[in-house]
Amino acid sequence: MFKAGEDFSSMMKEPIAYDGFSLKGKISLVTGGSMGIGFGIATALARAGSDIVIVARNEDRLNQAAQTLMKDTGCRVRTVAKDISHPDELAVTVERAAE
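None of these values were measured; they are calculated from a predicted model.

K.L.:
Sorry, what's going on with the overall build of the chain here?
P.N.:
A tally of helices and strands in the chain yields three helices and three strands. In sequence order, the chain lays out its α and β elements as β-α-β-α-β-α. When each of the 99 residues of the chain is scored for burial, the buried share is 32%. A fraction of 56% describes how many contacts in the chain between residues 6 or more apart in sequence connect residues 24 or more apart. Surface summary for the chain: the accessible area is close to 6,600 Å², and the carbon and sulfur share equals 54%.

Dropping the structure here:
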């Protein structure tokens, strides 16, 4: 069991294998990925071998989250600073994620 503030980043450097489940070679897009549950999901996907595109409104938090993901998991990370609650920004987000 992990305790608040405990450093477990050393456990996150290698992809996790779940009985043959692997996302190696895949790209996962995670909205709200700069903190909280979204960041946790991005971390789990990266640990399963996926490269990550994280989307959120705050560019500073996105950059910090990307650095942490790359450091802790070794995955490639792309960030997209957009508010996808606006329909016109959703299309731009998908286009940038696909680049």
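K.L.:
Any chance you could explain the nonpolar core here in plain terms?
P.N.:
Counting residues in each nonpolar core, the largest one holds twelve residues, listed as Val30, Ala42, Ala46, Ile52, Ile54, Ala56, Leu62, Ala65, Ala66, Leu69, Cys75 and Val77. Broken down by secondary-structure element, the contributors of at least two residues to this core are helix 1 (36-47), strand 2 (51-56) and helix 2 (59-73). It is helix 2 that provides the largest number of residues to this core, a total of four residues.

K.L.:
Whenever I open this one, the layout of surface pockets confuses me. Can you help?
P.N.:
The rolling of a water-molecule-sized probe over the atoms marks out the regions of remaining empty space. Approximately 200 Å³ is the volume found for the largest pocket. In terms of lining, the largest pocket is formed by 13 residues, of which the most central are Gly32, Val55, Ala56, Arg57 and Asn58. The class makeup of the residues in the lining of the largest pocket is four nonpolar, five polar and four charged.

K.L.:
I would appreciate a short explanation of a nonpolar patch on the surface in the present structure.
P.N.:
On the surface, a nonpolar cluster with roughly 230 Å² of combined accessible area is contributed by Ile84, Leu90 and Val94. In this fold, Val94 is placed in helix 3 (residues 87-98).

K.L.:
Help me understand the environment of Phe21 in this model?
P.N.:
Here Phe21 lies in the segment before strand 1 (27-31). A sequence separation of 28 residues divides Phe21 from Gly49, and the C-alpha atoms of the two residues are 9.5 Å apart.

Cut-offs and rules
Residues numbered from 1 in each chain as written. Predicted model: local features only at pLDDT ≥ 70, side-chain atom pairs only at ≥ 80, totals over all residues. Heavy atoms only, no water. Helix = DSSP H or I, 4+ residues; strand = E, 2+ residues; numbered from the N terminus. Buried < 20%, exposed > 50% of the residue type's maximum accessible area, 1.4 Å probe, protein only. Contact = heavy atoms within 4.5 Å. Areas by Shrake-Rupley, 256 points an atom, 1.4 Å probe, with all protein chains shown as cover. Core = buried A, V, L, I, M, F, W, Y, C linked by side-chain atoms within 4.5 Å. 1 Å grid on protein atoms, 1.4 Å probe; cavity = no way out; pocket = protein on both sides within 12 Å on 5 of 7 lines; lining within 4 Å. Points joined across faces, edges and corners; volume = space filled by probe spheres on them. Nonpolar A, V, L, I, M, F, W, Y, C, P; charged D, E, K, R; others polar. Patch = residues over 30% accessible without salt bridge, like charges linked within 9 Å, V, L, I, M, F, W, Y side chains within 5 Å. Salt bridge = Lys/Arg side-chain N within 4 Å of Asp/Glu carboxyl O.

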